[in-house]
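# Coordinate inspection notes
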Amino acid sequence: EDLDPSKTQHNLISTRGAYLKLRYLMEQGCVFVGHGLRQDFATVNLVVPPNQILDTVEIYHQPGMRYISLRFLTNYVLGRDMQQDVHDSVEDA
């Protein structure tokens, strides 16, 4: 429903529009903060300089250990259990 333009309450833009906005932000020197950004940028085929990325996947990674999930990190840092039943991209944001 959230991705159906006739039913959603959210403002939707095209994939091309989203790409152009991300590229503009990158070219302006914006620092992107998030969890698992490498995969997100690979999905949209955007190469962002490492100095413009603060990724909690990398920040909290311990050498020789597995990567920490966003759910675990949110619970540990914020004391809040998220996504108990289904994945919710709005809650992720």
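Residues numbered from 1 in each chain as written. Predicted model: local features only at pLDDT ≥ 70, side-chain atom pairs only at ≥ 80, totals over all residues. Heavy atoms only, no water.

This next bit is on the overall build of the chain. Helix and strand counts for the chain stand at five helices and two strands. Listed N to C, the secondary structure of the chain is α-β-α-β-α-α-α in terms of helices and strands. Residue burial in the chain is summarised as follows: out of 93 residues, 18% are buried. Residue pairs in contact within the chain that sit at least 24 positions apart in sequence constitute 14% of those at least 6 positions apart. Element-wise, carbon and sulfur atoms account for 54% of the exposed surface of the chain, whose accessible area totals about 7,600 Å². (Helix = DSSP H or I, 4+ residues; strand = E, 2+ residues; numbered from the N terminus. Buried < 20%, exposed > 50% of the residue type's maximum accessible area, 1.4 Å probe, protein only. Contact = heavy atoms within 4.5 Å. Areas by Shrake-Rupley, 256 points an atom, 1.4 Å probe, with all protein chains shown as cover.)

We now examine the nonpolar core. In this structure, Met26, Phe32, Leu37, Phe41, Leu46 and Val48 together form the largest nonpolar core, which totals six residues. Excluding its chain neighbours within four sequence positions, the residues that come into contact with Met26 are Phe32, Leu46, Val47, Val48, Pro49 and Gln52. (Core = buried A, V, L, I, M, F, W, Y, C linked by side-chain atoms within 4.5 Å.)

What the rule picks out here adds up to two salt bridges. Here Glu58 ties to Arg38 by a salt bridge, and the two come within 3.4 Å at their closest N and O atoms. Taken together, the residues Glu58 in helix H3 (residues 56-59) and Arg38 in helix H2 (residues 37-43) connect sequence positions 20 residues apart. Residue classification places Arg38 among the exposed positions, given a relative accessible area of 63%. (Salt bridge = Lys/Arg side-chain N within 4 Å of Asp/Glu carboxyl O.)

This part is about the confidence of the model for the chain. Note: predicted coordinates in regions of low pLDDT should not be interpreted at a detailed level. Averaged over all residues, the pLDDT of the chain equals 83, while 85% of them reach at least 70. Averaged pLDDT values over the elements of the chain bottom out at 55 in helix H5 (residues 89-92) and peak at 94 in helix H1 (residues 15-27). (pLDDT = per-residue confidence, 0-100.)

Before going further, it helps to spend a moment on the packing of aromatic side chains. The final tally for this structure, using the stated rule, is one aromatic pair. Residues Phe32 and Phe41 carry aromatic rings whose centres are separated by 5.2 Å and whose planes lie at 75 degrees to one another, so their mutual orientation is edge-to-face. Phe41 matches Phe32 in its accessibility class, with the two residues each being buried. (Phe/Tyr/Trp six-rings, centres within 6.5 Å; stacked < 30°, edge-to-face > 60°.)

Tracing the backbone shows Gln52 in the loop between H2 and strand S2 (53-55). Looking at Gln52, the relative accessible area reads 10%, which means it is buried. Separated by 2.8 Å, the side chain of Gln52 and the backbone oxygen of Cys30 make a polar contact. Setting aside anything within four residues of it in sequence, one finds Gln52 in contact with Leu25, Met26, Gly29, Cys30, Val31 and Phe32. (Polar contact = N/O pair within 3.5 Å; in protein donor to acceptor, adjacent residues only side chain to side chain.)

Next up on the list: unusual backbone geometry. Unusually for a residue other than glycine, Asn45 sits at a positive phi of about 60 degrees. In this structure, Asn45 sits in the loop between H2 and S2.

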